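# Fold and geometry: a report
Residue strings, one per chain:
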Amino acid sequence: MPHPLPYDAIILGAGAAGLMCAATAGQRGKRVLLVDHADAPGKKILISGGGRCNFTNLHTAPDRYISANPHFAKSALGRYTAQDFLALVEKHGIAWHEKTLGQLFCDGSAKQIVAMLLDECDAGNVEHVLGQSITAIDHSDGLFRVTLGGREVSATSLVLATGGPSIPKMGATGFAYEVARQFGLKVVEPRPALVPLTLGGDEILFRELSGVATEVVAKCGKTGFREAALFTHRGLSGPAILQISSYWRGAETIGIDFLPAQRSGWLTAAKRAKPRGQIGAALAAQLPGRLAETLAQRLELSGELHNIKDSVLNDAERRLADWRFSPNGTEGYAKAEVTVGGISTAELSSQTMQAKRVENLYAIGEAVDVTGWLGGYNFQWAWASGWAAGQSI
Ligand code: FDA
């Protein structure tokens, strides 16, 4: 039952950032109320990393985050690091492993991370109200007043930690943006990120490759990721595509290097080695068979290699190293792991996450215009920004 007296802080959203912020402030002796419309905390944590939660990344650095202000995340990420979170995980005896590229996962289950954060909240005497809708928020006489479940609770500080709109069926909303706008804070236009891209038109033919995966470099402008790409029945997915989707704004083409391990001149070298070979066979030696076949058809090169001029083979090689796709969209918030954009960092202190123009209003986690790469970076931002606000409340 919520306390009738004002709290020091009400935190809206019992996800990754809200739980971390509540535990941090609570353990500093602050009276904290953590509120969520879901009936259980940390639902995205539970489904993350295939149920094992990729809880941080050892290579966390500000340049692995997208934001209108690329410097904003430096302070919080520098003060609460991947090693700090790892130390917490180890303090709770949770076994973990590094999977790849610095990505740390639980050996057991993501449930352990939620249980750990709830234990930390208990250690700070954090109170919870779950399963109640917030119907109004006001600010007067130095107090934030939140109406939930027909009652009013109040606090000196209010923390917006309700995340972004990715995966609405899990209860995700753009609520943080509405509240931010109510208090006059700007919001950088949000869009789905870490999301599969869809293909249409002539490229629809690639959908026939649904299920085929291969290592590529996926590029958008100057940014590129070397990881697996996967063809799907709607277009393109896999880690390389999810990563590049966060940089894709809808108009650009996506360049795919299908053979990132090949040196320039490999196709003419293949011609010298096997003059009577076909281009499809040369590709099939490097790529999954169905993909090799489709690419060979699209290159419109048939016949034996010795009948194809070197200059034509060199052109084909260049195309294979920068195959241009024009996605016609993404699979949207329904499939997006995160949201890019959000509450403008220009409105917030990078040290405390407090709004510059509204005293004691804070925004943390995915609600803010800071979005990490795939691989534990988004949770690390949630922990770091939650910790920074929790220290300041
Ligand atoms: P988060 O979404 O965790 O929490 C927001 C909370 O606010 C929720 O509990 C929600 O119910 C509540 N809320 C929303 N609207 C509300 C309203 N109107 N009123 C009250 N409460 C409201 N990241 C990573 O680093 N490693 C990983 O392995 C993964 N894996 C992954 C898998 C999948 C399928 C998804 C969708 C996402 C990931 N992520 C991830 C991303 C990661 O889950 C995400 O970045 C963090 O959960 C963001 O933390 P927040 O606390 O900001 O929001």
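These numbers come from a predicted model, not from an experiment.

What counts as what
Residues numbered from 1 in each chain as written. Predicted model: local features only at pLDDT ≥ 70, side-chain atom pairs only at ≥ 80, totals over all residues. Helix = DSSP H or I, 4+ residues; strand = E, 2+ residues; numbered from the N terminus. Buried ≥ 20, exposed ≤ 12 C-beta atoms within 10 Å, placed from the backbone. Contact = placed C-beta atoms within 7 Å. Pairing = 2+ DSSP bridges. Axes fitted to C-alpha atoms, helices over the stretch in contact; angles between N-to-C directions. UniProt positions renumbered as here; feature names shortened; annotations may be inferred. Parallel < 35°, antiparallel > 145°, perpendicular 65-115°, else oblique. Left-handed = near helix turned anticlockwise from the far one by under 90°. Nonpolar A, V, L, I, M, F, W, Y, C, P; charged D, E, K, R; others polar. Near = placed C-beta within 6 Å. Core = buried A, V, L, I, M, F, W, Y, C linked by C-beta atoms within 7 Å.

Attention now moves to the overall build of the protein. A count of helices and strands for the protein gives 12 helices and 21 strands. When burial is assessed residue by residue, the protein has 49% of its 393 residues classed as buried. Across the protein, contacts joining residues at least 24 apart in sequence account for 73% of those joining residues at least 6 apart.

Moving on, we come to the sheet that holds strand β6 (residues 103-106). Strand order in the open sheet formed by 3 strands is β3-β6-β5, with antiparallel pairing between adjacent strands. What marks the edges here is a single partner per strand, and that holds for β3 (54-57) and β5 (96-98). Pairwise comparison of adjacent strand axes, ignoring direction, gives a mean angle of 30° for this sheet. Taken together, the 3 bridges between β5 and β6 define a ladder with antiparallel strand orientation. Within β6, the residue paired with Glu-98 across the bridge is Leu-104.

Across 8 bridges, strand β13 (residues 213-220) lies against strand β14 (residues 223-231) in antiparallel orientation. Bridge assignment links Cys-220 to a residue of β14, and that residue is Thr-223. Here β13 folds back onto β14 in antiparallel fashion, the turn holding 2 residues, of which Gly-221 has a positive phi close to 60°. Bridge analysis of β13 against strand β16 (residues 254-257) gives 3 bridges, and the strand direction is antiparallel.

Right, let's talk about unusual backbone geometry for a bit. Only a minority of non-glycine residues have a phi that is not negative, and only a minority of peptide bonds are not trans. Of note in this structure, Leu-101 is not a glycine but carries a positive phi near 50°. Assignment of secondary structure puts Leu-101 in the loop between β5 and β6. Although it is not a glycine, Ile-167 adopts a positive phi angle of roughly 65°. Mapped onto the elements, Ile-167 comes out in the loop between β10 (151-160) and α6 (175-182). Judged by the 20 C-beta atoms lying within 10 Å of it, Ile-167 falls in the buried class.

To continue, consider the sheet that holds strand β15 (residues 235-237). Taken in spatial order, the 7 strands of this open sheet run β17-β16-β13-β14-β15-β12-β18, and their pairing is antiparallel. Among the strands making up the open sheet, the edge pair consists of β17 (323-325) and β18 (329-330).

Another point: the UniProt feature "domain: RsdA/BaiN/AoA(So)-like Rossmann fold-like" (unreviewed entry) in the protein. In the numbering adopted here, UniProt assigns the feature "domain: RsdA/BaiN/AoA(So)-like Rossmann fold-like" (unreviewed entry) to residues 8-391. As a span, residues 8-391 carries 29% helix and 26% strand, and end to end its C-alpha atoms are 12 Å apart.

Bringing the packing of helix α1 (residues 16-27) against helix α5 (residues 111-123) into the picture now. Where α1 meets α5, the closest approach of the two axes is 7 Å, and the angle between their N-to-C directions is 25°. With respect to their mutual orientation, α1 and α5 come out roughly parallel. The element α1 and its partner α5 pack so that their crossing is left-handed. Judged by residue contacts, Leu-19, Met-20, Ala-22, Ala-23, Gly-26 and Gln-27 of α1 engage Leu-117, Glu-120, Cys-121 and Ala-123 from α5. The class makeup of the residues in the contact of α1 with α5 is 7 nonpolar, 2 polar and 1 charged.

What follows concerns the environment of Lys-43. Mapped onto the fold, Lys-43 is located in helix α2 (residues 43-47). Of the residues examined, Lys-43 has 18 C-beta atoms within 10 Å and is grouped as partly exposed. Remark: the alpha-carbon pair of Lys-43 and Met-170, spanning 127 residues in sequence, is separated by 7.6 Å. Each residue touching Lys-43, except ones within four places of it in the same chain, is listed here: Ala-38, Met-170 and Gly-171.

This part covers the site of the ligand. The immediate surroundings of the ligand are formed by 37 residues, with Gly-13, Gly-15, Ser-48, Gly-163 and Gly-365 found nearest. Of all the secondary-structure elements, those providing two or more residues to the shell around the ligand are α1, α2 and α12 (377-392). No other element matches the 4 residues that α12 contributes to the shell around the ligand.

Right, let's talk about the pairing of strand β8 (residues 134-140) for a bit. As judged from the 6 bridges shared by β8 and strand β9 (residues 143-148), these two strands associate in the antiparallel manner. Opposite Ile-134, over in β9, you have Leu-148 as the bridge partner.

Further remarks concern the nonpolar core. One finds Ile-10, Ile-11, Val-159, Ala-363 and Ile-364 to be the most contacted residues of the largest nonpolar core, which totals 125 residues. With 9 residues, α12 is the single largest residue contributor to this core. For Val-159, the contacting residues outside a window of four places in its chain are Ala-9, Ile-11, Leu-12, Cys-21, Tyr-362, Ile-364 and Ala-389.

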